[in-house]
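Working through the structure, step by step
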Amino acid sequence: LVPQPTVTLPFPTPTRMVVSVNGLVLTAFSLEKDSVKIGEPLWFNFSVKNTNPTSFRYSALGVVADNYKSQTSWTDQSLNPDEVLTWRDNIKFDRVGEYTIYFGLCWAANGGECAKIIDRNGWIYFGYPERGVKVTVVP
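Not measured: the values here are computed from a predicted model.

**Brief notes about the pattern of salt bridges**
Within this structure, the stated rule accounts for three salt bridges. E32 is the salt-bridge partner of R88, the closest N and O atoms lying 2.7 Å from each other. Of this pair, R88 sits in strand β8 (residues 84-91) while E32 sits in the loop between β3 (24-31) and β4 (35-37), placing them 56 residues apart in sequence. Residue E32 is classed as partly exposed on the basis of its relative accessible area, which comes to 41%. The closest approach of N and O atoms between K116 and E113, which form a salt bridge, is 3.3 Å. K116 sits in the exposed class, given a relative accessible area of 62%.

This is how it looks when you write it as C-alpha cells:
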C-alpha cells in the first residue's frame, strides 16, 4: 500500500478545496469547450508548480471525470524545485452525459496503475469541489 500524501492548505477554510498537495500547487486549469460529441477530444490546459525545496516525484498528473474516466497526462516523473509544468492534453468520452472534470494527482504505485483508477481512492482532486469544470457529452 502506498500512503496517501499530506494535503496542505494555505489558510484555514471551511471548504474542502485543495490548492496544494505536498507543495505541488495548481496554478491554472481550464477546458477549451464545455460540450463535446462522443469520441471528440475535450482539450484541457493546466499548470502546476513545485514549491518545495526538493524534487517532487509523482505517479501521475491529469484529469478525472467524476467517477467515470481518468486521463493521465504525465506519469512517473519529477518536478525540480520551483519548476513549473504547463501542458495541454485531451480526454475522449464514449458515452453521453454531464460530467465534472477535476485536475488531479495520483499516488498509486505508478502511472500505469493510475490510468486504471477513476475515483478519489487513487487521486487527489485539486480544488475539489469548487474547481471542478462542468462538461456535457452529446451524441
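**A few points about unusual backbone geometry**
Of note, the phi angle at N22 is positive, near 50°, even though the residue is not glycine. One can find N22 in the loop between β2 (20-21) and β3. Since its relative accessible area comes to 30%, N22 is described here as partly exposed. Of note, D76 is a non-glycine position whose phi angle comes to about 50°, a positive value. Tracing the chain through its elements places D76 in strand β7 (residues 69-79).

**Describing the confidence of the model for the chain**
Any residue range with low pLDDT should be treated as having predicted coordinates unsuitable for detailed reading. Considering every residue of the chain, the mean pLDDT works out to 86; 86% of them sit at 70 or more. Under a pLDDT of 50 for its full length, residues 6-16 has, in the predicted model, 16 contacts with residues more than four places off or in other chains.

**Considering the nonpolar core**
Ranked by internal contacts, the top residues of the largest apolar core, which has 29 residues, are F29, V48, F93, I101 and F103. Counting residues per element, the ones that place at least two in this core are β3, β5 (42-50), β6 (56-65), β8, β9 (97-106) and β11 (133-138). In terms of residues, this core owes the most to one element, β6, which gives five residues. Those residues in contact with F29 that sit more than four places away from it in its chain are F44, N45, F46, V63, I101, Y102, F103, R131 and V133. Among the nonpolar cores identified, the runner-up in size contains eight residues, and V64, Y102, A108 and W123 belong to it.

Thresholds, definitions, all that
- Residues numbered from 1 in each chain as written.
- Predicted model: local features only at pLDDT ≥ 70, side-chain atom pairs only at ≥ 80, totals over all residues.
- Heavy atoms only, no water.
- Salt bridge = Lys/Arg side-chain N within 4 Å of Asp/Glu carboxyl O.
- Helix = DSSP H or I, 4+ residues; strand = E, 2+ residues; numbered from the N terminus.
- Buried < 20%, exposed > 50% of the residue type's maximum accessible area, 1.4 Å probe, protein only.
- pLDDT = per-residue confidence, 0-100.
- Contact = heavy atoms within 4.5 Å.
- Core = buried A, V, L, I, M, F, W, Y, C linked by side-chain atoms within 4.5 Å.

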